[in-house]
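Now for the letters of each chain:
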Amino acid sequence: MQALFFENELLLKEIPVPVSAAGEVLVKILYSAICNTDLEIIKGYMGFRGVLGHEFVGKVTSVSHPLYGKTVVGEINCSCGHCYLCLSGRHAHCSKRNVIGIAGHQGVFAGFISLPAENLHIVPDTVPGHIAIFTEPLAAAVEIFEQLHMKPSKSVFIFGAGKLGLLVSMVVRLQGFDYTTFDPIPEKTAFASTLGIHSKSLTELQAGEKAEVCIDCTGNAEGFGLALEHLWPGGTLILKTTVADPSKPDLNSIVINEFTILGSRCGLFKPALNLLERKLVDPSPLISGEYAFNDILKAFESAKNPLNHKIIIDHRP
Ligand SMILES: [Zn+2]
Ligand SMILES: [Zn+2]
């Protein structure tokens, strides 16, 4: 099968179809999507070498498995199930985990992937593939509420109106918060406004303007410091950004202002699928382009344009 390999550069390579280990099923990839994490990996994040990609919708092709023929999406952390972290319910933090297309596991920019059956979730019939592809990033947005129980009366600033910033904004909006989404690029705040997201240019944010909760979705190293500057003492900073070149925050301000810093990564797929199925979140305006798998290198060029949002790869023949 053809696969997009990263090894100092991106290249299309012919590799064998994976053989499923015990407990795994083979999934034929129907759609995949490019994430900011993929763009950071090609800049050196995680030191990953191999087949890239972790956002997918596929069809199970293992004939003997009860999921055979089902359209599925898959959680990206493959855990051992036996270690202290797994046994205490923290599978996404398993000390022996592999993460598809990010650490130690083949990614989804390929014809097939083999995954543990427990990672897979059936996509409801009413959710088309180009919507279901948003399950993974939407789950990451919903994870904030899995981690932190915020009072709806609290003010929220979201920094970054990129793919994840917009999904986070949509989820925050659902809860009735007084929120604002900031971005330095006028085209991005204008686009956010067309989605009904309360957004402002970063230049409009005054030095003393603060919120109780700041969420960094900037995708760049400066986001941390920026979010800290606009957090009330005693407030919570939620960090969603992972970059190849992390920042060194001012730890004194965290101590002096008694800030709570919350790292937030992957979330549960079921609540995200519920939001998509019930049409409480409509990610369709975030699709900026759709490419055939053979054009995946062009798709990556398109994904690097900061004005583009989700770039989807159609793997179907
Ligand atoms: Zn992703
Ligand atoms: Zn484990």
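Within every chain, residues take consecutive numbers counted from 1 along the sequence as written. Chains carry letters from A onward and ligands carry numbers from 1 onward, assigned in written order. Only residues with pLDDT of at least 70 are given local features in this predicted model, and only at 80 or more are side-chain atom pairs given and counted; all residues enter the totals for whole chains, interfaces and linings. As a rule here, side-chain values cover all heavy atoms of the structure and leave hydrogens and water aside.

Engineer: Go over empty space enclosed by the protein with me, naming the residues and quoting the values.
Structural biologist: Of the grid points, spaced at 1 Å and generated over the protein atoms alone, those admitting a 1.4 Å probe that cannot get out make up cavities, while open sets with protein on both sides within 12 Å along at least five of seven lines make up pockets; any residue with an atom within 4 Å of a point is treated as lining. Grid points are joined across faces, edges and corners, and a volume is the space filled by probe spheres set on the points. This structure, assessed with the given rule, holds one cavity of 30 Å³ or more. What the largest cavity holds in volume is close to 30 Å³. As for the largest cavity, its lining consists of His 54, Glu 55, Phe 56, Val 73, Gly 74, Ala 132, Ile 133, Thr 135, Glu 136 and Phe 269. Only β5 (55–60), β6 (71–74) and α4 (135–147) provide two or more residues apiece to the lining of the largest cavity. A helix here means a DSSP run of H or I that spans at least four residues, while a strand means a run of E at least two residues long, and both kinds are numbered starting from the N terminus.

Engineer: Describe in detail the side chain of Ser 199, supporting the description with residues and values.
Structural biologist: For Ser 199, the location among the structural elements is in strand β14 (residues 199–201). Polar contacts, as used here, are pairs of N or O atoms within 3.5 Å; protein pairs need one atom able to donate a hydrogen and one able to accept it. Residues neighboring in sequence count only if both atoms are side-chain atoms. Engagement of the side chain of Ser 199 in a polar contact is seen with the backbone oxygen of Thr 189, the distance being 3.0 Å. Among all residues touching Ser 199, those that are not within four sequence positions of it are Thr 180, Thr 181, Thr 189, Ala 192 and Ser 193. In what follows, a contact means two residues having at least one pair of non-hydrogen atoms within 4.5 Å.

Engineer: I'd like a description of the pairing of strand β3 (residues 24–34), backed by residues and values.
Structural biologist: We call a residue buried when its accessible area falls under 20% of the maximum for its residue type, exposed when it is over 50%, and partly exposed in between, using a 1.4 Å probe and counting protein chains only. Burial runs high along β3: nine of the 11 residues are buried. Bridge count for β3 against strand β10 (residues 112–116) is five bridges, and the pairing is antiparallel. Each bridged residue has a counterpart across the sheet, and for Glu 24 the counterpart in β10 is Pro 116. By the convention used here, strands pair only if DSSP detects at least 2 bridges between them. By the bridge criterion, six bridges tie β3 to β5 in an arrangement that is antiparallel. Each bridged residue has a counterpart across the sheet, and for Tyr 31 the counterpart in β5 is Val 57.

Engineer: Lay out the coordination of the zinc ion (ligand 1) in plain terms, naming residues and giving numbers.
Structural biologist: Looking at the metal site, the zinc ion (ligand 1) is ligated by Cys 35 (SG), His 54 (NE2), Glu 55 (OE) and Glu 136 (OE), spaced 2.2 to 2.7 Å from it. Coordination partners: N, O, S within 2.8 Å of the metal, 3.2 Å for Na, K and Ca; water not considered, so apparent gaps in a site are possible. Irregular is the label for any site that misses the other tests, which are tetrahedral for four donors with all angles between 85 and 135 degrees, and square planar for four donors or octahedral for six when opposite donors exceed 155 degrees and the remaining angles lie between 65 and 115. Geometry at the zinc ion (ligand 1) is irregular, judged from the four donor atoms that bind it and their angles of 79 to 160° at the metal. Within one chain, the residues serving as donors to the zinc ion (ligand 1) are arranged as C-x18-H-E-x80-E. Of the two residues, His 54 is situated in the loop between β4 (50–51) and β5 and Glu 136 in helix α4; the sequence distance between them amounts to 82 residues.

Engineer: Lay out helix α5 (residues 163–174) in plain terms, naming residues and giving numbers.
Structural biologist: By this rule, a helix spans an expected 1.5 Å times one less than how many residues it contains. Between its first and last C-alpha atoms α5 spans 17 Å; for 12 residues at 1.5 Å apiece the expected length is 16 Å, and the two agree. Burial analysis of α5 places nine of its 12 residues in the buried class, which makes it a mostly covered element. A positive phi of about 85° marks Gly 176, the residue just after α5.

Engineer: Quick rundown of the domain arrangement of the protein chain? Include the residues and the values.
Structural biologist: Each domain's limits were defined by an automated method or a database of domain assignments. Domain boundaries in the protein chain define domain 1 (2–134 + 283–314) and domain 2 (141–263). For domain 1 versus domain 2, the separation of C-alpha centres amounts to 27 Å. Both sides of the domain 1 and domain 2 interface together cover about 1,200 Å² of buried area, and 69% of this is carbon and sulfur. Think of a salt bridge as a Lys or Arg side-chain nitrogen and an Asp or Glu carboxyl oxygen that are within 4 Å of each other. Counting across the domain 1 and domain 2 interface gives zero salt bridges. Take the side of domain 1 that touches domain 2: its biggest share by element is three residues, from helix α1 (residues 36–41). Tallied by class, residues from the side of domain 1 that touches domain 2 come to nine nonpolar, four polar and three charged. By convention, the term buried area covers the 1.4 Å-probe accessible surface removed from two parts as they join, with the contributions of both added. Basically, the charged four are Asp, Glu, Lys and Arg, the nonpolar ten are Ala, Val, Leu, Ile, Met, Phe, Trp, Tyr, Cys and Pro, and anything else, Gly included, counts as polar.

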